[in-house]
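# Coordinates in review
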Amino acid sequence: MDLKILADTPPWEWPEGTDKMLLGILCDDQRDESDRLLAAELGGDYTVINDELAGALLSIVLNGEESEGLRARAVTSLGPALEPAYIDDFDDPEDMPISKETFHGIQTSLRELYMNTDVPKEVRRRILEGSVRAPQEWHQEAIRDAYSSNDESW
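Rules of the game
Residues numbered from 1 in each chain as written. Predicted model: local features only at pLDDT ≥ 70, side-chain atom pairs only at ≥ 80, totals over all residues. Heavy atoms only, no water. Helix = DSSP H or I, 4+ residues; strand = E, 2+ residues; numbered from the N terminus. Rg over C-alpha atoms; globule rule 2.2 N^0.38 Å. Buried < 20%, exposed > 50% of the residue type's maximum accessible area, 1.4 Å probe, protein only. Contact = heavy atoms within 4.5 Å. Patch = residues over 30% accessible without salt bridge, like charges linked within 9 Å, V, L, I, M, F, W, Y side chains within 5 Å. Areas by Shrake-Rupley, 256 points an atom, 1.4 Å probe, with all protein chains shown as cover. Salt bridge = Lys/Arg side-chain N within 4 Å of Asp/Glu carboxyl O. Phe/Tyr/Trp six-rings, centres within 6.5 Å; stacked < 30°, edge-to-face > 60°. Core = buried A, V, L, I, M, F, W, Y, C linked by side-chain atoms within 4.5 Å. Axes fitted to C-alpha atoms, helices over the stretch in contact; angles between N-to-C directions. Parallel < 35°, antiparallel > 145°, perpendicular 65-115°, else oblique. Left-handed = near helix turned anticlockwise from the far one by under 90°. Nonpolar A, V, L, I, M, F, W, Y, C, P; charged D, E, K, R; others polar. Polar contact = N/O pair within 3.5 Å; in protein donor to acceptor, adjacent residues only side chain to side chain.

## So, the overall build of the chain
Assigned secondary structure in the chain consists of eight helices and zero strands. Traced from its N-terminal end to its C-terminal end, the chain shows the element sequence α-α-α-α-α-α-α-α. Radius of gyration (C-alpha) of the chain: 15 Å, near the 15 Å computed for a compact globule of 154 residues. Referenced to the eigenvectors of the C-alpha coordinate spread, the extents of the chain come out at roughly 45 × 40 × 25 Å. For the chain, the residues scored as buried account for 43% of the 154 residues in total. Here the analysis covers contacts within the chain between residues at least 6 apart in sequence; of these, 59% occur between residues at least 24 apart.

So, in structure tokens, the structure goes:
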């Protein structure tokens, strides 16, 4: 299925194998930026997100060679996978889109990346926005700092 058609199709109607298609696009750094941005957006949908897609999205976020926009989009797409894992606390692992190991790996990586002030501001902001869907202790201070900042984008 064409990526543009996929974007116009409700996720519950996506064909089997959509996760693999999106994974291929995300992992292809020679692919057009607009395709990778769209794949990152679609890849965060609850109907397709899994450990492999989450890993690809996280790899993009962690890669300083990727564009700021793609990194920001990829981290935003991780939020929907974090929230149900946090809420249900893996009571029924079969119903979770990602594994417990992937969940904790994402949380650890996002915290470390957020604390690195050399990371572009937009990426750091999106890390905070996405990661608060599975609250951690460090979020309180980060949110307090963001609100007390003189920077309107925060």
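## Considering unusual backbone geometry
Of note, the phi angle at Asp89 is positive, near 50°, even though the residue is not glycine. Locating Asp89 in the fold gives a position in the loop between helix H5 (68-88) and helix H6 (100-115).

## What to know about the side chain of Asp35
Within the secondary structure, Asp35 is located in helix H3 (residues 33-43). Here Asp35 is in contact with Leu3, Lys4 and Ile25, once residues within four sequence places are set aside.

## Focus on a nonpolar patch on the surface
A cluster of nonpolar side chains, namely Val132, Ile143 and Tyr147, defines an oily patch on the protein surface of about 300 Å² accessible area. Residue Ile143 is classed as partly exposed on the basis of its relative accessible area of 32%.

## Concerning the packing of aromatic side chains
For any pair of aromatic rings, the description rests on two quantities: the centre-to-centre distance and the angle between the ring planes. Per the stated rule, a full pass over the model turns up two aromatic pairs. Geometrically, the ring pair formed by Phe90 and Phe103 is edge-to-face, given 5.6 Å between the ring centres and 65° between the ring planes. In this pair, Phe90 sits in the loop between H5 and H6 while Phe103 sits in helix H6, placing the two residues 13 residues apart along the sequence. In terms of burial, Phe90 and Phe103 fall into one category: buried. Aromatic side chains Tyr114 and Trp138 sit 5.1 Å apart centroid to centroid with 35° between the ring planes, which places their arrangement in the tilted category. Taken together, the residues span a long stretch of sequence, with Tyr114 in helix H6 and Trp138 in helix H8 (residues 137-148) at a distance of 24 residues.

## Things to note about the nonpolar core
Ranked by internal contacts, the top residues of the largest apolar core, which has 43 residues, are Leu22, Leu26, Ile106, Leu110 and Ile127. Put simply, the parts of the chain that give this core at least two residues each are helix H1 (3-7), helix H2 (18-27), H3, helix H4 (51-62), H5, H6, helix H7 (121-131) and H8. Non-local contacts of Ile127, meaning those with residues more than four positions away in its chain, are made with Val75, Leu110, Leu113, Tyr114 and Trp138.

## What to know about the packing of H2 against H3
Running from N to C, H2 and H3 point in directions that differ by 135°, and their axes come no closer than 9 Å. Accordingly, the angle class assigned to the pair H2 and H3 is oblique. Considering how the two elements wind past one another, H2 and H3 form a crossing that is left-handed. Taken together, the residues of H3 that come into contact with H2 (itself represented by Leu22, Ile25 and Leu26) are Asp35, Arg36, Ala39, Ala40, Leu42 and Gly43. In terms of residue class, the contact of H2 with H3 is made up of six nonpolar, one polar and two charged.

## A few points about the pattern of salt bridges
This structure, assessed with the given rule, holds 10 salt bridges. Of the charged contacts, one joins Glu52 and Lys20 as a salt bridge, the two residues approaching to 2.8 Å between their closest N and O atoms. Of this pair, Glu52 sits in helix H4 while Lys20 sits in helix H2, placing them 32 residues apart in sequence. Here the salt bridges do not stand alone but share partners, grouping Glu122, Arg125, Arg126 and Glu129 into one network.

## Notes on the side chain of Ser131
Inspection of the secondary structure puts Ser131 in helix H7. Within the local environment of Ser131, its side chain forms a polar contact with the backbone oxygen of Leu128, the two atoms lying 3.5 Å apart.

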